[in-house]
Amino acid sequence: MAQQYRPRLMRYFRNHLGSVEDAEDLTQETLVRMMRDPQADKVNNVEAYLMTIAGNLLRDRYRRDRTRHVGQHVPIDENTEGWPTESVCGERVYQDRERLQAFLKVLDDLPPRCQQVFLLHRYEGLTYGAIASQLGISVSAVEKQMMRALLHFGTRLEQP
């Protein structure tokens, strides 16, 4: 059945869709739906029945594409050409390792409470209020500790 009706379905879908791949997908879906239909063996005009399934699939595709604004999609390859890549090279790894070690050294230079406030906010994602509550200090004290930490990092780390 697939060999007999596939060319007709492909022509139908190619005439209505811009993509051969989409035509292939819908042709296959049409044939699969026909095969899965328990009443398919009672159909008098198989070609007409297949074309009805094809028309329904095409209508569903148009509705879905309109809802998802498919016409406004732009392939990512067209927009990213010429962008720098994230290829890992030995020099980059070495530089990143050095930057991390410098950051950890500067972090270790902070007083314990200041270090704790900084880590709770930046790495645990806690708000100033949550940090104040957890540590039993005021929000103002948390703000001051964060300011101290940020100034410390700003003066000790190289700014790119």
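Everything discussed here concerns the structure shown above.
Residues numbered from 1 in each chain as written. Predicted model: local features only at pLDDT ≥ 70, side-chain atom pairs only at ≥ 80, totals over all residues. Heavy atoms only, no water.

Q: How do you make sense of helix H3 (residues 46–67) when you look at a structure like this?
A: In an α-helix, one turn spans 3.6 residues; hence positions three or four apart end up facing the same way. The end-to-end C-alpha separation of H3 is 32 Å, in line with the 32 Å expected for 22 residues at 1.5 Å each. Those residues of H3 that fall on the buried side of the exposure criterion are Leu-50, Met-51, Ile-53, Ala-54, Gly-55, Leu-57, Leu-58, Arg-61 and Asp-65. The elements touched by buried residues of H3 are helix H1 (2–16) and helix H2 (20–36). Count one or two residues on from H3 and you reach His-69, which has phi positive near 55 degrees. (Helix = DSSP H or I, 4+ residues; strand = E, 2+ residues; numbered from the N terminus. Expected span 1.5 Å × (residues − 1). Buried < 20%, exposed > 50% of the residue type's maximum accessible area, 1.4 Å probe, protein only. Contact = heavy atoms within 4.5 Å.)

Q: Sorry if this is basic, but what is going on with the packing of H1 against H2 here?
A: Describing two packed helices takes the angle between their axes plus the distance from one axis to the other. Two elements in contact, H1 and H2, have axes separated by 9 Å at closest approach and are oriented at 135 degrees. In terms of orientation, H1 lies oblique with respect to H2. Read as a crossing pair, H1 and H2 show a hand that is right-handed. The residues of H2 that touch H1, namely those facing Ala-2, Arg-6, Leu-9, Met-10, Phe-13 and Arg-14, are Val-20, Ala-23, Glu-24, Leu-26, Thr-27, Thr-30 and Leu-31. Across the contact of H1 with H2, the residue classes tally to eight nonpolar, two polar and three charged. (Axes fitted to C-alpha atoms, helices over the stretch in contact; angles between N-to-C directions. Parallel < 35°, antiparallel > 145°, perpendicular 65-115°, else oblique. Left-handed = near helix turned anticlockwise from the far one by under 90°. Nonpolar A, V, L, I, M, F, W, Y, C, P; charged D, E, K, R; others polar.)

Q: I tried to follow the packing of aromatic side chains on my own but got confused; where do I start?
A: The description of an aromatic ring pair uses the distance of the two centres, along with the angle that the planes make with each other. Evaluated as defined, the whole model comprises six aromatic pairs. Aromatic pair Phe-103 and Phe-118: ring centres 6.4 Å apart, planes at 50 degrees, arrangement tilted. Taken together, the residues span a long stretch of sequence, with Phe-103 in helix H5 (residues 90–109) and Phe-118 in helix H6 (residues 112–122) at a distance of 15 residues. Geometrically, the ring pair formed by Phe-118 and Tyr-123 is edge-to-face, given 6.2 Å between the ring centres and 65 degrees between the ring planes. Owing to a relative accessible area of 54%, Tyr-123 belongs among the exposed residues under this scheme. Among the aromatic residues, ring-to-ring pairing joins Phe-103, Phe-118, Tyr-123 and Phe-153 into one connected group. (Phe/Tyr/Trp six-rings, centres within 6.5 Å; stacked < 30°, edge-to-face > 60°.)

Q: What is the right way to look at the nonpolar core in this model?
A: Across soluble globular proteins, nonpolar side chains show a tendency to be buried alongside one another. Counting residues in each nonpolar core, the largest one holds 17 residues, and the members touching the most others are Leu-9, Tyr-12, Phe-13, Leu-26 and Leu-58. In terms of residue count, the dominant contributor to this core is H3 (six residues). Apart from residues no more than four positions distant in its own chain, Leu-58 is found in contact with Tyr-12, Phe-13, His-16, Leu-17 and Leu-26. Grouped together as the second largest cluster of nonpolar side chains are 15 residues, Phe-103, Ile-131, Val-142 and Met-146 included. (Core = buried A, V, L, I, M, F, W, Y, C linked by side-chain atoms within 4.5 Å.)

Q: When you look at the side chain of His-152 in this model, what are you seeing that I'm missing?
A: Tracing the backbone through its elements, the reader meets His-152 in helix H8 (residues 139–156). When residues no more than four places from it in sequence are discounted, the contact partners of His-152 are Val-106, Asp-109 and Leu-110.

Q: Honestly, the side chain of Thr-30 in this entry has me stumped. Any pointers?
A: As for its position among the elements, Thr-30 is in helix H2. Given the relative accessible area of 0%, Thr-30 is considered buried. Ignoring anything within four residues of it in the chain, the contact list for Thr-30 reads Leu-9, Phe-13, Leu-50, Ile-53, Ala-54 and Leu-57.

This is a description of form; function is not addressed.
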